[in-house]
Amino acid sequence: MTQKTIDYYLSPQSPWTYLGHERFAQVAKAAGATINVLPVDLGRVFPVSSGLPLSKRAPQRQAYRLVELKRWSEHLGRPLNLKPTYFPVDGHDAAKLIIAVDGADGTDAAMKIAGAIMRGVWVEQRHIADPAVLQAMLAETGLPARRLEDAQSQAVHERYEADSQRAIEAGVLGAPSYIYDGELFWGQDRLDFLERRLAR
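Computed from a predicted structure; not experimentally measured.

Rules of the game
Residues numbered from 1 in each chain as written. Predicted model: local features only at pLDDT ≥ 70, side-chain atom pairs only at ≥ 80, totals over all residues. Heavy atoms only, no water. Buried < 20%, exposed > 50% of the residue type's maximum accessible area, 1.4 Å probe, protein only. Helix = DSSP H or I, 4+ residues; strand = E, 2+ residues; numbered from the N terminus. Pairing = 2+ DSSP bridges. Axes fitted to C-alpha atoms, helices over the stretch in contact; angles between N-to-C directions. Parallel < 35°, antiparallel > 145°, perpendicular 65-115°, else oblique. Contact = heavy atoms within 4.5 Å. Nonpolar A, V, L, I, M, F, W, Y, C, P; charged D, E, K, R; others polar. Expected span 1.5 Å × (residues − 1). Bend = angle between axes of the 7 residues up to and from the residue. Polar contact = N/O pair within 3.5 Å; in protein donor to acceptor, adjacent residues only side chain to side chain.

Student: Tell me about the pairing of strand β3 (residues 177–180), and please be specific about residues and values.
Tutor: Going residue by residue along β3, you find Ser177 and Ile179 tucked away on one face and Tyr178 and Tyr180 tucked away on the opposite face as well. Pairing geometry for strand β1 (residues 5–10) and β3, over 4 bridges, is antiparallel. From the neighbouring strand, aspartate 7 faces β3, where its bridge partner is isoleucine 179. In this sheet, strand β4 (residues 183–186) lies alongside β3 in antiparallel orientation, the contact comprising 4 bridges. The partner of isoleucine 179 across the bridge, within β4, is leucine 184. The turn joining β3 and β4, which pair antiparallel and follow one another in sequence, is formed by 2 residues; a positive phi near 50° is taken by aspartate 181.

Student: If you had to explain the environment of lysine 56 to someone new, which residues and values would you point to?
Tutor: Mapped onto the fold, lysine 56 is located in the loop between α2 (42–49) and α3 (59–76). The exposed category is assigned to lysine 56, whose relative accessible area is 60%. Along the backbone, lysine 56 and lysine 112 are 56 residues apart, and their C-alpha atoms lie at a distance of 31 Å.

Student: Lay out the packing of helix α1 (residues 15–30) against helix α9 (residues 191–199) with the relevant residues and their values.
Tutor: Contact geometry for α1 and α9: axes closest at 11 Å, N-to-C directions at 10°. It follows from the interaxial angle that α1 and α9 lie roughly parallel. On α9, the residues that touch Gly20, Arg23, Phe24 and Val27 of α1 are Leu191, Asp192, Leu194, Glu195 and Leu198. Considering only residue class, the contact of α1 with α9 consists of 5 nonpolar, 1 polar and 3 charged.

Student: I'd like a rundown of α1, residues and numbers included.
Tutor: Look at α1: 24 Å from first C-alpha to last across 16 residues, which is about the 22 Å you get at 1.5 Å a residue. The largest bend in α1 amounts to roughly 45° and is located at histidine 21. When we look at burial in α1, the residues that qualify are Pro15, Thr17, Tyr18, Leu19, Gly20, His21, Phe24, Val27 and Ala28. Tucked inside the fold, the buried residues of α1 contact β1, β2 (34–39), α3, α5 (107–122), β3 and α9. At the N-terminal end of α1, a side-chain oxygen is found 3.3 Å from the backbone nitrogen of tryptophan 16, two or three residues along, and the residue is serine 14.

Student: Tell me about the sheet that holds β4, and please be specific about residues and values.
Tutor: Through backbone hydrogen bonds, the strands of a sheet pair up, either in parallel or in antiparallel fashion. Read across the open sheet, the 4 strands follow the order β2-β1-β3-β4; overall the sheet is mixed. Two strands lie at the open edges of the sheet, namely β2 and β4, each paired on one side alone. Looking at each pair of strands side by side, their axes are set apart by 20° on average, direction ignored. In the packing of α5 onto the sheet, the strands contacted are β1 and β2, and the crossing angle to β2 comes to about 45°. Seen against the sheet, α9 touches β1, β3 and β4 and runs at an angle of roughly 15° to β3.

Structure, rendered in structure tokens:
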């Protein structure tokens, strides 16, 4: 039987990635699928996909985003601060930390630290661009403190760049995006479709 593998393109500061993260992990596990954890730089993806950073979107779109976040948070039973203290926030160091953990400790550990980082932004109102905060999250998730140093390595930087380019080549529009067997599912609101596709 062929192993099912899902490419999981994520942004650690994305509320939509946060809302779908735990459910996605459950969907993948139920399907017996492995996950490629791929944090990407949306600053590279958006110019290609015609996406816009939040601050550059029309006021109507910014307002409706808050409506939808509230709806989905309530629907999923996932706590979420609509306007957290530390957002917008630079997510590069957090993304690289997830990559470093993935490379050294494996997928489950990478999913765990990614979830902690996203909860840090959207629930706990923590500053994920602060190295001390990331260090504390490593301790809280039982991961080695040295991963923060590992995250600054050239190898991790190169993988971050390569995975961002991989996202562009795969047609990724934003985060979260899930690709299974060549098929793209953009957004946590497409997890039902991904689940059905995995069941075929």
